[in-house]
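# Inside the fold
For reference, the chains in residue letters:
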Amino acid sequence: METKAKTRPIRLRALVVTAMLSAVGCVLMMLDFPLPMLIPSFVKMDVSELPALLAAFSMGPVSGIVVCLMKNILAAIFHGSTLGIGEVCNFLMGAVFTGVAGLIYKHSKTRKMAVIAALVGAVAMAVASVPINFFFSYPVYATMFGGMEAIIAAYQAINPNVEGLLSCLIIFNMPFTLAKGLIDALLCFLIYKPLSPILHGRH
């Protein structure tokens, strides 16, 4: 009975922290911005995976994935401008990032392993962005918003040498997504220690 009594506050804290990080992730997702000189303006930069990465490192990979899911559900409700397509795509890539990073870190919780975990997670997300966009999000976007030719033309306006969707995704989206993951990882390392008492319930 005593063990159950001790476990209950821990679970409650985890739920509260997960909800808080999900809300922050939703806000960060709404603060996205284009970088039209680097990639078409419909692909936007944000750091909304940061709270999910914090959750993955502090509470485990499942918590990181849950934060990714919840912040996208909230974003779809309050800010949905892509009819849920962008949110599904964002969730899938964020789940790869935080799931991989959290799983690696879970087995060896050292600073060095945290860096390795974040780097591997960012690379995994960048690689995963290609099939996710190629097979799911871009075909749906093309059907709804003017055809694949219009999408490829937006990439060719930046680099006329790209041909075909796969080429666009490898040349533009994959390094862009990698950079996004690395920025999230850097910010995570900068703020993790100050936030650690809150994340771990030691405040």
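Placed above this text is the structure.
Residues numbered from 1 in each chain as written. Predicted model: local features only at pLDDT ≥ 70, side-chain atom pairs only at ≥ 80, totals over all residues. Heavy atoms only, no water.

### What about the overall build of the protein?
Quick note on the threshold: In DSSP terms, a helix is any run of H or I states spanning at least four residues, a strand is any run of E spanning at least two, and both are numbered starting from the N terminus. In this treatment the radius of gyration is a C-alpha quantity, and the globule benchmark scales as 2.2 Å times the residue count to the 0.38 power. Here's how the labels work: a residue is buried when its accessible area is under 20% of the maximum for its type, exposed when over 50%, partly exposed in between, all with a 1.4 Å probe on protein chains only.
Helix and strand counts for the protein come out as seven helices and two strands. Starting at the N terminus and ending at the C terminus, the protein contains elements arranged as α-β-β-α-α-α-α-α-α. For 203 residues, the compact-globule estimate of 2.2 N^0.38 gives 17 Å, and the C-alpha radius of gyration of the protein, at 18 Å, lies within 12% of that figure. Sorting the 203 residues of the protein into buried and exposed places 41% on the buried side.

### Focus on the nonpolar core
Here is the rule we go by: Residues belong to one nonpolar core when they are buried, are Ala, Val, Leu, Ile, Met, Phe, Trp, Tyr or Cys, and are joined through side-chain atoms within 4.5 Å. Residues count as neighbours in contact if any of their non-hydrogen atoms are within 4.5 Å of one another.
Formed by 26 residues in total, the largest nonpolar core has its most connected members in Leu21, Leu53, Leu54, Phe57, Cys188, Tyr192 and Leu199. The set of elements that each furnish at least two residues to this core consists of α1 (2-30), α2 (49-59), α3 (61-79), α4 (85-106), α5 (111-144) and α7 (165-199). Contact partners of Tyr192, with chain neighbours within four places excluded, come to Leu54, Phe57, Ser58, Leu199 and His200. Within the second largest apolar cluster, 17 residues are counted, among which are Met45, Tyr141, Cys168 and Phe172.

### Re the packing of aromatic side chains
Rule in force here: Here a Phe, Tyr or Trp ring, Trp counted by its six-membered ring, pairs with any other such ring whose centre lies within 6.5 Å, and the pair is stacked when the planes are under 30 degrees apart, edge-to-face when over 60, and tilted otherwise.
Summed over all chains, the structure comprises seven aromatic pairs. Measuring from centroid to centroid gives 6.2 Å for Phe42 and Tyr138, while their planes differ by 70°, and the two rings are edge-to-face. Placement of Phe42 in the loop between β1 (33-34) and β2 (44-45) and of Tyr138 in helix α5 is noted, with a sequence separation of 96 residues between them. A relative accessible area of 45% places Phe42 in the partly exposed class. Each ring, one from Phe57 and one from Tyr105, has its centre 4.8 Å from the other, and the planes form 55°; the classification is tilted. Of the two residues, Phe57 sits in helix α2 while Tyr105 sits in helix α4, which places them 48 residues apart along the sequence. Comparing Phe57 with Tyr105, the two get one shared label, buried. Three or more aromatic residues joined by ring pairs form one cluster here, namely Phe42, Tyr138, Tyr141, Tyr155 and Phe172.

### Focus: the layout of surface pockets
To be explicit about the condition: We place a 1 Å grid over just the protein atoms. Points where a 1.4 Å probe fits but has no way out form a cavity, open points with protein on both sides within 12 Å along at least 5 of 7 lines form a pocket, and any residue with an atom within 4 Å of a point lines it. Grid points are joined across faces, edges and corners, and a volume is the space filled by probe spheres set on the points. Note on residue categories: nonpolar means Ala, Val, Leu, Ile, Met, Phe, Trp, Tyr, Cys or Pro, charged means Asp, Glu, Lys or Arg, and polar means any other residue, Gly included.
The volume enclosed by the largest pocket comes to roughly 840 Å³. Along its surface, the largest pocket is lined by 32 residues, and Phe42, Lys44, Thr82, Gly86 and Tyr141 are the ones closest to its centre. Secondary-structure elements contributing two or more residues to the lining of the largest pocket are α1, α3, α4, α5 and α7. Its residues assigned to classes, the lining of the largest pocket comprises 14 nonpolar, 12 polar and six charged. Quantified by volume, the second largest pocket comes out at close to 250 Å³. Surrounding the second largest pocket, Phe57, Tyr105, Thr110, Arg111, Ala114, Val115, Cys188, Phe189, Tyr192, Lys193 and Ser196 form its lining.

### Side note on the pattern of salt bridges
Where we set the bar: Think of a salt bridge as a Lys or Arg side-chain nitrogen and an Asp or Glu carboxyl oxygen that are within 4 Å of each other.
Inspection of every chain in the model, using the stated rule, returns three salt bridges. Lys71 is the partner of Glu49 in a salt bridge, and the nearest nitrogen-oxygen pair spans 2.9 Å. A residue pair is termed long-range when its members are at least 10 positions apart, and Glu49 in helix α2 and Lys71 in helix α3 qualify at 22 residues. Lys71 sits in the buried class, given a relative accessible area of 0%. Measuring nitrogen to oxygen at the nearest pair gives 3.4 Å for the salt bridge that ties Glu49 to Lys180. With Glu49 in helix α2 and Lys180 in helix α7, the pair connects residues that are 131 residues apart, well separated along the chain. Residue Lys180 is classed as buried on the basis of its relative accessible area of 9%. Several salt bridges converge on common partners, so that one network encompasses Asp46, Glu49, Lys71 and Lys180.

### Some points on α5
Note the cut-off: Bend is the name given here to the angle between axes fitted to two runs of seven residues, the run ending at a residue and the run starting at it.
Along its length, α5 reaches its greatest deviation from straightness, about 55°, at Asn133. Where α5 terminates, the next one or two residues include Gly146, which has phi positive at roughly 105°.

Read these as spatial facts, not as claims about activity.
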